[in-house]
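Chain and residue survey
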Amino acid sequence: MADQDGTTATIRGEVEPGFEPVREAFERNFALHGDVGAGFCLYVDGQKVVDLTGGVRDLAGTPYDEDTLQLVFSSTKGVTATCAHLLVQRGLLDVDEPVSTYWPEFAAAGKADVPVSWLLSHQAGLIDVDHPMTLEQALDWDTVTAALAASPPVWEPGTGYGYHAVTFGWLVGEVVRRVAGTDIGSFVRTELVEPLGLDLWIGLPPEQEHRVAPLVPASAAGFGEGAPVDDVPTADGAGEDHRSLVRLLDELLGEGNLLGRTLGAPGGAFADDRVWNEPQVRAAQIPAANGVTDATSLARLYAALVSDVDGVRLLDPDTVDRAIVPQVSGDPGSSLVVMLDIPFALGYMTHSGVSPLLGGRSFGHYGAGGSLGFADPDRRVAGAYVMNQMQIGIAGDPRTAGLLAAVDQVVE
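Residues numbered from 1 in each chain as written. Predicted model: local features only at pLDDT ≥ 70, side-chain atom pairs only at ≥ 80, totals over all residues. Heavy atoms only, no water.

Some points on unusual backbone geometry
- Looking along the chain, the bond that leaves A265 and enters P266 is cis, with omega of 0 degrees.
- Relative to the assigned elements, P266 resides in the loop between α10 (258–264) and α11 (279–283).
- Notably, F73 is not glycine yet its phi reads approximately 45 degrees, a positive angle.
- Structurally, F73 can be placed in the loop between β4 (70–71) and α2 (75–89).
- For A109, which is not glycine, the phi dihedral falls at a positive 60 degrees.
- Within the secondary structure, A109 sits in the loop between α3 (99–102) and α4 (116–120). (Helix = DSSP H or I, 4+ residues; strand = E, 2+ residues; numbered from the N terminus.)

Printed below as a string of structure tokens:
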């Protein structure tokens, strides 16, 4: 198991008897797949059976351990979807009702009849706003949600789907805010974090910043080979030769392509992916992309969706059953946003060749670069993988593939 500086990666944590293949897969990620710092956790029947961390957090060689926090990009969407389904379970939100029932301003620009379910399943056509935005504007909740409410859809809602990579969070999050009467960061804290004892934030407090592992950018040239640790970008402008994924997509597909627009939304504010390492971005509420957590907490949350965890179950089986029914096929060529043909349920990804989970009715959500939270309601298993080394991809890479294969091997 080698870090990218050639030293042996230190693996920490515990594995219950019978789950040794999962540890071996985790170790291989450092030896063969370029992991720098990472964590993996697994629950079965509400009990934690694997809890591992390994490698280093930063250039100083700080251990990537149980105290480390990680920004997990779109793995945040599973958290946000769970908030919406809690409101459904309580009879406060009906996903078949128009969004405008709860958020009247959303009716503008021909969107009056768009149901909440289309927000959750990426069918609303609002992958972006209709004008450029600065980063400062994008970090202000009211500015972004007002722009989304006023913007016309990029395609006629309901006629197709495409991954709302960043706007999903404000769209679903504003519905949660209107229904619950509190911002989504506070809702996550009171309804998820406090009952389960999680380290999880949408809107990271300043006093937690020192725990965060900076993201290590993927090597665009290598398409999956990690960048050296000393290439970690910083908020002070280091790495001036960096070429963001959005810029590369503009070169490959032409400026204004839908994939680049959805990844850089709103209004191109996140076109430079170095900004995700900035504290001000982690401090904002971007509930599609800037959740900060660890593998233990994310796995524990998913475990509480499919089993009791220390007496806490977040969603009852009927609510889960409805939430994980695929709403769009994910068939090749089905997505209006190219290269992202993923079968989406109501806020969660479901198992497919391009979003591999545990087969059957397993569900969850990947994050750009490799992170993952997942659960299988039939095997009552749940887990999560987080890491600082980004790889090129939206829904998994060899690291998660190996971990999932090991889980599938040891869990009946």
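What to know about the side chain of D397
- Secondary-structure assignment places D397 in the loop between β10 (381–387) and α14 (398–410).
- If we skip the residues at most four places from it in the chain, D397 touches G369, G370 and Q391. (Contact = heavy atoms within 4.5 Å.)

What about the pairing of β10?
- Burial within β10 is extensive, with seven of its seven residues counted as buried.
- The alternating pattern of β10 places V381, G383, Y385 and M387 and A382, A384 and V386 on opposite faces, both of which are buried.
- Pairing geometry for strand β2 (residues 37–44) and β10, over seven bridges, is antiparallel. The residue bridging F40 from the neighbouring strand is Y385, located in β10.
- Across five bridges, the pairing between strand β9 (residues 372–376) and β10 is antiparallel. Bridge pairing in β10 links F374 to G383. (Buried < 20%, exposed > 50% of the residue type's maximum accessible area, 1.4 Å probe, protein only. Pairing = 2+ DSSP bridges.)

Some words on the sheet that holds strand β5 (residues 200–201)
- The three strands lie next to each other as β4-β6-β5, forming an open sheet whose pairing is antiparallel. Taken across any chain shown, the strands that pair with only one partner, and hence form the sheet edges, are β4 and β5.
- Summarising the sheet, β4 and strand β6 (residues 292–293) pair through two bridges and their orientation is antiparallel. Bridged to L71 within β6 is V292.

A few points about the environment of E16
- Note on placement: E16 falls in the loop between β1 (11–15) and α1 (20–32).
- For the pair formed by E16 and K48, sequence separation is 32 residues and the distance between their alpha carbons is 8.6 Å.
- When neighbours within four sequence positions are excluded, E16 is seen to be in contact with K48 and V49.

Considering the confidence of the model for the chain
- Within the chain, residue pLDDT values average 91, and 89% of them lie at 70 or more.
- Per-element mean pLDDT across the chain ranges from 59 in helix α9 (residues 245–253) up to 99 in helix α12 (residues 295–306).
- Below pLDDT 50 for its whole length, residues 1–6 participates in 26 contacts with residues either more than four positions away or in separate chains.
- A low-confidence stretch, residues 220–241 stays under pLDDT 50, and its non-local contacts, those more than four residues away or across chains, total 38 contacts. (pLDDT = per-residue confidence, 0-100.)

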